[in-house]
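Next come the chains, spelled out residue by residue.
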Amino acid sequence: MTNQVNQAEPLLEVDALKKYFPIKRGFLKRVVGHVKAVDDLSFRIMEGETLGLVGESGCGKTTAGRSILRAINPSSGRVIFRDPVLGKVNVPELEKEQLIAVRRNMRMIFQDPYASLNPRMTLLDIVGAPLRALGIARGKELEDRVAEMLRVVGLRPEYMRRYPHAFSGGQRQRIGIARALAPNPKFLVCDEPVSALDVSVQAQILNLLQDLQKSMGLTYLFVAHDLSVVAHISNRVAVMYVGKMVELAPTSELFTNPLHPYTEALMSAIPRPDPRPREKRILLTGEVANPANPPSGCYFHPRCNYCIDICRTEEPKFEEVKPGHFAKCHRAHDLHLTGAVDIMKNQAAQSI
Amino acid sequence: MNEKQNNDILVEIKDLRTYFYLAEGVVRAVDGCNLTIKRGRTLGIVGESGCGKSMTAYSLMRLISPPGKIVGGDMLFYNTGKNTVSSGATTEVINIAKLDPNGREMRSIRGNQISMVFQEPMTAMSPVLTVGRQISEAIQLHQGLDKKEARQVAIEMLARVRMPKPDRVFDDYPFQLSGGMRQRAVIAMALSCRPSLLIADEPTTALDVTTEAQILDLMRNLQNEFGMAIMYITHNLGVIAEMAEEVAVMYMGKVVEQTDIRSIFFNPQHPYTRGLLSSIPQLDDAVTAVDKSKRLNVIKGMVPDPYTRLQGCPFHPRCPDFITGVCDKFEPKYVQTDQDHFVRCHLYDPNPVEKEVA
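Residues numbered from 1 in each chain as written. Chains lettered and ligands numbered in written order. Predicted model: local features only at pLDDT ≥ 70, side-chain atom pairs only at ≥ 80, totals over all residues.

### Some remarks on the interface of chain A and chain B
Line of reasoning, step 1. Contacts between chain A and chain B engage 46 residues on the former and 42 residues on the latter.
Line of reasoning, step 2. Going through the elements one at a time, α6 (199–216), α7 (227–233), α8 (251–256), α9 (261–269) and α11 (340–349) of chain A are the ones with two or more residues in the side of chain A that touches chain B.
Line of reasoning, step 3. The leading source of residues in the side of chain A that touches chain B is α6 of chain A, at nine residues.
Line of reasoning, step 4. For the side of chain A that touches chain B, the per-class residue count stands at 22 nonpolar, 17 polar and seven charged. (Contact = placed C-beta atoms within 7 Å. Helix = DSSP H or I, 4+ residues; strand = E, 2+ residues; numbered from the N terminus. Nonpolar A, V, L, I, M, F, W, Y, C, P; charged D, E, K, R; others polar.)

### Some remarks on the domain arrangement of chain A
Line of reasoning, step 1. Assigned domains within chain A: domain 1 (1–105 + 185–241), domain 2 (119–183) and domain 3 (254–349).
Line of reasoning, step 2. The straight-line distance from the C-alpha centre of domain 2 of chain A to that of domain 3 of chain A is 42 Å. (Domains from an automatic or database assignment.)

### Brief notes about the nonpolar core
Line of reasoning, step 1. Residues Phe-222 of chain A together with Leu-197, Ile-199 and Met-231 of chain B are the most contacted members of the largest nonpolar core, which totals 197 residues.
Line of reasoning, step 2. The dominant element in this core, judged by the number of residues it contributes, is helix α7 (residues 179–191) of chain B, at eight residues.
Line of reasoning, step 3. Not counting chain neighbours up to four residues away, the residues in contact with Phe-222 of chain A comprise Thr-50, Leu-51, Gly-52, Leu-53, Cys-190, Val-230, Ile-233 and Ser-234 of chain A. (Core = buried A, V, L, I, M, F, W, Y, C linked by C-beta atoms within 7 Å. Buried ≥ 20, exposed ≤ 12 C-beta atoms within 10 Å, placed from the backbone.)

### Considering the packing of helix α4 (residues 131–143) of chain B against helix α5 (residues 147–160) of chain B
Residue and element names in this part refer to chain B.
Line of reasoning, step 1. Taken N-terminus to C-terminus, the directions of α4 and α5 make an angle of 115°; their axes are 9 Å apart at the nearest point. As judged from the angle between their axes, α4 and α5 are roughly perpendicular. Relative to α5, the crossing made by α4 is right-handed. Contact residues: Gly-132, Ile-135, Ser-136, Ile-139 and Gln-140 in α4; Lys-147, Ala-150, Arg-151, Val-153, Ala-154 and Met-157 in α5.
Line of reasoning, step 2. Considered class by class, the residues forming the contact of α4 with α5 number six nonpolar, three polar and two charged. (Axes fitted to C-alpha atoms, helices over the stretch in contact; angles between N-to-C directions. Parallel < 35°, antiparallel > 145°, perpendicular 65-115°, else oblique. Left-handed = near helix turned anticlockwise from the far one by under 90°.)

### Thoughts on helix α11 (residues 271–278) of chain B
Line of reasoning, step 1. Every buried residue of α11 of chain B is accounted for by Pro-271, Tyr-272, Thr-273, Gly-275 and Leu-276 of chain B.
Line of reasoning, step 2. In this fold, the buried residues of α11 of chain B make contact with α6 of chain A together with β9 (246–251), β10 (254–260) and α10 (261–266) of chain B.

### Side note on the sheet that holds β10 of chain B
All names here are of chain B.
Line of reasoning, step 1. Overall, mixed pairing links the eight strands, which are arranged β6-β7-β8-β3-β9-β10-β12-β11 in an open sheet. Unpaired on one side and paired on the other, β6 (114–117) and β11 (334–338) mark the two borders of the sheet. Strand-to-strand, the axes of this sheet are offset by a mean angle of 20°, without reference to chain direction.
Line of reasoning, step 2. As paired elements, strand β3 (residues 42–46) and β9 share four bridges and run parallel to each other. Within β9, the position partnered with Ile-45 by the bridge is Ala-248.
Line of reasoning, step 3. Sheet strands touched by α7: β6 and β7 (197–201). Its angle to β6, the strand with the most contacts, is close to 175°. (Pairing = 2+ DSSP bridges.)

### Description of the environment of Ala-241 of chain B
Line of reasoning, step 1. Examined against the element boundaries, Ala-241 of chain B turns out to sit in helix α9 (residues 237–243).
Line of reasoning, step 2. Distance in space between the C-alpha atoms of Ala-241 of chain B and Arg-262 of chain B is 8.5 Å, their sequence separation being 21 residues.
Line of reasoning, step 3. Filtering out sequence-adjacent residues up to four positions away, Ala-241 of chain B remains in contact with Pro-271, Arg-272, Pro-273, Asp-274 and Pro-275 of chain A together with Ile-261 and Phe-265 of chain B.

### Remarks on the pairing of β7 of chain B
All names here are of chain B.
Line of reasoning, step 1. Of all five residues in β7, five are buried, a share of seventy percent or more.
Line of reasoning, step 2. The two faces of β7 match: Leu-197, Ile-199 and Asp-201 on one face and Leu-198 and Ala-200 on the other face are all buried.
Line of reasoning, step 3. Relative to β7, β6 runs parallel, the two sharing four bridges. Looking at the pairing, Ser-115 lines up with Leu-198 of β7.

Below is the structure:
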């Protein structure tokens, strides 16, 4: 692996992270229930690693990313971040000043390059904003730093005085990346950074993210719903369903031997750019469960093809089934599921 | 025109030009688009945003409103009546480009012979009318049924799109349905008059993969049942591979390549098509590669802004096979390179310059 993954000590350790949003009703705004957007998430990210986080809309991927950075306050759980200056800190418990210091090192890239840039600010103000807010640079120094960042992401420093409307979607995403990288962080949450972009531009941005990871020694939590993009960029992939992590494994392991039926269904559902006939896909029936009123037992059981009695009553544990391969399924040990790799092999065997 | 072929061809678009006259300049949204849609077949249209895919569809529906205008070209619709595949039927040729967009003739085609499924199921339906009312509107209008009969047809239609509890959904409002169910309702609406052409404009882009898989499966089954042709617009090459039998690739308002589905993936000819295909991350490579720093191929540069008009081939500034003095001077012809394989590129034209001079 060219990007150095430090196996010894994790850069980020998430332990039993929860984010519940209260549902309020009536005149007195009584709390009548909770949307369990993120429910008991635990994982680690090593330094220099890219962890992909996939799942369907509403499964809590974005909320997880935001809770880790404390863009929103998590309801409970620990997020241990190894800060180069402060050492190991628990992000949800930090005081304001310390949080500001830690924010230099953990930053975010947003999904929508149109909504995430203020149209009334110039690039200098946008990219310089974190430097100013965190008290890193000002005046001429700030300008130099912004110019350097723009060059790093492949934009001309002369564009500094322009406004975002003068740029295309791909260029705007570069501006967003420059802003995130300006304070020279260690860890980035990339929240669907390419899903709003066209394929040819998407490839450019993915290459840029990979180059930056190598040159700046970055660690990514890469949130996306496109499995091929996630497979391309991630060392390990985590799958979420209704606020919970259902599977976590190294990329090639996950795509070869998925252990959770939901992962299998996701892989079967992706439309593949190959016109050769393929085996009948696994079509899930029904809809994603409502996180305010989840089903009993395993959340996936009403849609699962392999459901047995225990699945309806008892929630499975998230356990390490094989070394480095975690799954949350009662039948993880006895099912033999079809991964994306098998689907591709079968398809490739078909005559043209 | 070849009389023999006319039986399989449903719609023929020739050199269509739809321009938008804005204060900042003229946007040539569709600029010389050639397409043929065959009866009962699926034509996929791919291209990046702003390449004119949707505007071609809107032009065919005559839904272009000022400042947009269809300034040239023909859109021939070979009408044999509804879904009659019989060869004996007389074919009536209607040039949709010449019709009055609000006239009686166009209104009897739109929503009846040619109907459309839009990208956003939320915005395609009116939030203040029930699902049933919106579906029966077209049925009452085009099939001349009364309200009660239309209700029957609409409920039957909802059942055909595998909507659970169709008689209850009939009285629901769109906000009560989930995204996937709403898209089913929109499809039911589009199919309620048994069109001979269904235009699907990115119908699954706003949906999740598992829901998308359900909708794609549904559309294929409905095509088998109803036998309509589908013009499927998407930017997702994976969806194209699953749905289409023929593909047209568009770039800056022009069709740059049209051929069958296998040739587009296994023998792409236009440099843009090749670039597009190689820039998608391949799952096989990604899964087997240990090295995560493997770079993707990219098409250099980006789509020029819509006001520019380039001399020669519109793709030449980004093209890896650019020929100086040819590609930047002369507009390429639409040449046939194989049976049913058309490319707009100088590389495949035996004498590109001479023709232009002559």
